[in-house]
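The chain contents come next:
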Amino acid sequence: MSLQKSSETEPSSQEPTTLSSKKNGEQQPVDVPTDAAATARAVPAESLATPQQRLETPAPQIQIHSSTLSGALSTRGARFDTLQFKQYQQTQEKTSDPVTLLAPAGSKDPYYAEFGWVSSESAKDDLPTAETLWQTTDTRLTPETPVTLRWMNKYGVVFEKVISLDENYMFTLVERVINNSSTPLNLFQYSQEHPCLT
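**Observations regarding the side chain of threonine 142**
Locating threonine 142 in the fold gives a position in the loop between β9 (140–141) and β10 (147–152). When its relative accessible area of 6% is taken as the criterion, threonine 142 is described as buried. Of note is the side chain of threonine 142, whose polar atom sits 2.6 Å from the side chain of threonine 145. Among all residues touching threonine 142, those that are not within four sequence positions of it are His65 and Leu165.

Below, the structure is given as C-alpha cells:
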C-alpha cells in the first residue's frame, strides 16, 4: 500500500498555505502553518478512543476493490481499517488466507490508518476527530470510482477528503478546507497509524 497525500494549494516548507474565509462579504486569507515544529503537536485526544468505544456505534463502510487489493474504508473517522492483498497469501497452502495489511479496531490484530487536521485550539475550532461520521453518497472505492467524504462543523467550515486508487497499490488523498466562517483558522495536517490499540 502506498499513499500520496496532497492539498489543493501546494505549501512550501517555509511559507504557510493560504485558504480563504468570508468576512463582511469579502474574502480574507487564512494561514495554515506547515512547518515541521507544528506537526510535532499532539493529535486530538479522541483519536485514542478504545476499540470498544469505536465498536459501540457501527458506521457505514466504503468497499475497496481493485485487481490487487480488497478492503474497506470506515466513514467514522474516515479511517482505512481493512485492507488485504489479493495476489499474496499468508502461506503456500492453496487454502491460505490473503496477506492482511490493515485490520479494524476490535479485531485480533488491529492496525489502521487515520488522517486529519489539528490546531493549537482544536476543541474551540471544532475539528473532525476519529469519531466524526463523514458524509458521502459513494459506496465503492475502485480505480474507476474515487470517493469524496465531507463534514461541516457548527461554524459552517467544510472539511473534505477526496480519495482515489490506481490499478496497483497507490492511494491518493486530497484534503480541502473551505472556511465559510468569519474566524481565521490555523490548521495543519497529521497522519498516524494505530497498531494494536486495546
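Okay, back to it.
**A short note on the environment of proline 98**
Residue position: proline 98 is located in strand β7 (residues 98–102). Under the relative-accessibility criterion, proline 98 is labelled partly exposed at 25%. Beyond its immediate sequence surroundings of up to four residues, proline 98 is in contact with Gln84, Phe85, Tyr88, Gln89 and Gln90.

**A look at the pairing of strand β12 (residues 170–178)**
Bridge count for strand β11 (residues 158–165) against β12 is 8 bridges, and the pairing is antiparallel. The residue of β12 that forms the bridge with isoleucine 163 is leucine 173. Between β11 and β12, which pair antiparallel one after the other, the connecting turn spans 4 residues.

**A closer look at the environment of glutamine 135**
By secondary structure assignment, the location of glutamine 135 is in the loop between α2 (122–125) and β9. Each C-alpha atom, one on glutamine 135 and one on arginine 150, is 5.2 Å from the other, the two residues being 15 residues apart in sequence. Discounting residues that sit within four places of it in the chain, glutamine 135 has contacts with Thr148, Leu149 and Arg150. There is a polar contact of 3.5 Å between the side chain of glutamine 135 and the backbone oxygen of leucine 133.

**Notes on the packing of aromatic side chains**
By the definition in use, this model includes 6 aromatic pairs. Seen in terms of ring centroids, phenylalanine 80 and phenylalanine 115 are 6.0 Å apart; in terms of plane orientation they differ by 90°. Their pairing is edge-to-face. Placement of the pair is phenylalanine 80 in strand β6 (residues 79–89) and phenylalanine 115 in strand β8 (residues 111–118), with a sequence separation of 35 residues. Looking at phenylalanine 115, the relative accessible area reads 10%, which means it is buried. Put simply, the rings of Trp117, Trp134, Trp151 and Phe159 pair up and form one aromatic cluster. The residue whose ring lies beneath arginine 79 is tyrosine 112, and the NZ or CZ to ring-centre distance is 5.1 Å.

**Digging into the pattern of salt bridges**
Note on pairing: side chains with opposite charge can pair once their charged atoms come close. Summed over the entire model, instances satisfying the criterion amount to 5 salt bridges. Residue glutamate 114 pairs with arginine 79 through a salt bridge whose shortest N-O separation is 3.7 Å. Note that glutamate 114 is positioned in strand β8 and arginine 79 in strand β6, a separation of 35 residues in sequence. Assessed through its relative accessible area of 5%, arginine 79 is described here as buried. With a shortest N-O distance of 2.5 Å, glutamate 160 and arginine 176 are connected by a salt bridge. Of the two residues, glutamate 160 is situated in strand β11 and arginine 176 in strand β12; the sequence distance between them amounts to 16 residues. A relative accessible area of 23% means that arginine 176 is categorised as partly exposed. Taken together, the shared-partner salt bridges connect Arg79, Asp81 and Glu114 into one network.

Reading the values: the criteria
Residues numbered from 1 in each chain as written. Predicted model: local features only at pLDDT ≥ 70, side-chain atom pairs only at ≥ 80, totals over all residues. Heavy atoms only, no water. Helix = DSSP H or I, 4+ residues; strand = E, 2+ residues; numbered from the N terminus. Buried < 20%, exposed > 50% of the residue type's maximum accessible area, 1.4 Å probe, protein only. Polar contact = N/O pair within 3.5 Å; in protein donor to acceptor, adjacent residues only side chain to side chain. Contact = heavy atoms within 4.5 Å. Pairing = 2+ DSSP bridges. Phe/Tyr/Trp six-rings, centres within 6.5 Å; stacked < 30°, edge-to-face > 60°. Lys NZ or Arg CZ within 6 Å of the ring centre and 35° of its normal. Salt bridge = Lys/Arg side-chain N within 4 Å of Asp/Glu carboxyl O.

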